[in-house]
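# Structural overview
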Amino acid sequence: PSLDPGSLHALVQGCRGLPLALQLVAERLRIDPTRATAESMALDPLATLSVPGLAIRDTIGWSVDRLSAPDRAAFARLGVVPGGRFCSDMARVVLDDPQADRVLRRLKKVGLLDEDDGWRRHDLVTNLAREHFLRLDSAERDRIVARLRGYIVGLLRAADPHPWQLRDPRLLALPAADLTPEEAGHRVRTNEDVIVGLTVEALTRNELAFATDAVILLTIAAERHSSSLRSAHLLRRLNAAAERSED
């Protein structure tokens, strides 16, 4: 099928303003000006943004290769964090390193991170980091996920101390030390894209216990701190997923 305006818009949006990515999209469309290119971009943008002699994965990978071995490992571990803004505290938990800020600054120096009231990666960098994360040993991945989920639940509880009984018995809520509810609420807003992304991942994997805890605590925090309304959308998805699991 030919490329419709909506698909073309999605292709351009997927580049997130990165000039090389836009150049590669134009070249791919010259080779295959059909909707298949847009569908490929939606499924695997790193593979799609590749033509003979030039690939976005290799270009971003060159920046990763410039890192020291410990910083490359940190880049991989941060692949657990979905797209969006995140704060330094979250990175310290993921990396299990109180000096994580130094690592983040070194990643910024080679163009793998930007500062934006916290930290943010280009979506294509996030995709590559995710690939590196999935290459880690499964036991290490599980430990990182458990720490990150514990941090999120502890932060949400600090934002609004509510006597919610956690549904996930394996979840260890990490205390958000020395944070007032207002300070914790600000960090929830900073990390909200990540919290939403992790909850959606849990829903997709049918991990309803954690998803329930995250959505309810996020909804409680949103009511107190005037956060976004995306949690209401997540509640609808959660209910639908729960109904499917009972069938």
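Higher on the page you've got the structure.
Keep in mind it's a predicted model, so treat the numbers as computed, not measured.

What follows deals with the overall build of the protein chain. A count of helices and strands for the protein chain gives 13 helices and four strands. For the protein chain, with 247 residues in total, the buried portion stands at 46%. Partitioning the intrachain contacts of the protein chain with sequence separation of at least 6 by distance along the chain shows that 68% fall at a separation of at least 24. Here the protein chain has roughly 12700 Å² of accessible surface; of this, 53% comes from carbon and sulfur atoms.

Below, the discussion takes up the pattern of salt bridges. Scanning the model with the defined rule gives 15 salt bridges in all. Its salt-bridge partner being Glu-201, residue Arg-205 comes within 3.9 Å of it at the nearest N-O pair.

For the rest of this paragraph, the subject is the environment of Leu-156. Topologically, Leu-156 is positioned in helix 10 (residues 138–159). Contacts of Leu-156, omitting those with residues within four sequence positions, involve Val-188, Ile-195, Ala-214, Leu-217, Leu-218 and Ala-221.

A separate point is the nonpolar core. Counting residues in hydrophobic clusters, the biggest one holds 68 residues, and the most contacted among them are Phe-75, Phe-86, Met-90, Val-94 and Leu-112. With nine residues, helix 10 is the largest single contributor of residues to this core. Beyond its immediate stretch of four places on either side in the chain, Leu-112 contacts Ile-60, Ser-63, Val-64, Leu-67, Phe-75, Leu-107, Arg-121 and Val-125.

Before going further, it helps to examine a nonpolar patch on the surface. The grouping of Leu-8, Val-12 and Leu-22 at the surface amounts to a nonpolar patch, some 210 Å² of accessible area in total. Look at Val-12 and you get partly exposed, because its relative accessible area is 39%.

Another aspect to go through is the layout of surface pockets. Quantified by volume, the second largest pocket comes out at close to 250 Å³. As for the second largest pocket, its lining consists of 17 residues, and the residues nearest its centre are Leu-18, Ile-60, Ser-63, Gly-111 and Val-125. Secondary structure elements with two or more residues in the lining of the second largest pocket: helix 5 (56–65) and helix 9 (123–134). Tallying contributions element by element places helix 5 first for the lining of the second largest pocket, with five residues. Residue classes in the lining of the second largest pocket are distributed as 10 nonpolar, four polar and three charged.

Calculation criteria
- Residues numbered from 1 in each chain as written.
- Predicted model: local features only at pLDDT ≥ 70, side-chain atom pairs only at ≥ 80, totals over all residues.
- Heavy atoms only, no water.
- Helix = DSSP H or I, 4+ residues; strand = E, 2+ residues; numbered from the N terminus.
- Buried < 20%, exposed > 50% of the residue type's maximum accessible area, 1.4 Å probe, protein only.
- Contact = heavy atoms within 4.5 Å.
- Areas by Shrake-Rupley, 256 points an atom, 1.4 Å probe, with all protein chains shown as cover.
- Salt bridge = Lys/Arg side-chain N within 4 Å of Asp/Glu carboxyl O.
- Core = buried A, V, L, I, M, F, W, Y, C linked by side-chain atoms within 4.5 Å.
- Patch = residues over 30% accessible without salt bridge, like charges linked within 9 Å, V, L, I, M, F, W, Y side chains within 5 Å.
- 1 Å grid on protein atoms, 1.4 Å probe; cavity = no way out; pocket = protein on both sides within 12 Å on 5 of 7 lines; lining within 4 Å.
- Points joined across faces, edges and corners; volume = space filled by probe spheres on them.
- Nonpolar A, V, L, I, M, F, W, Y, C, P; charged D, E, K, R; others polar.

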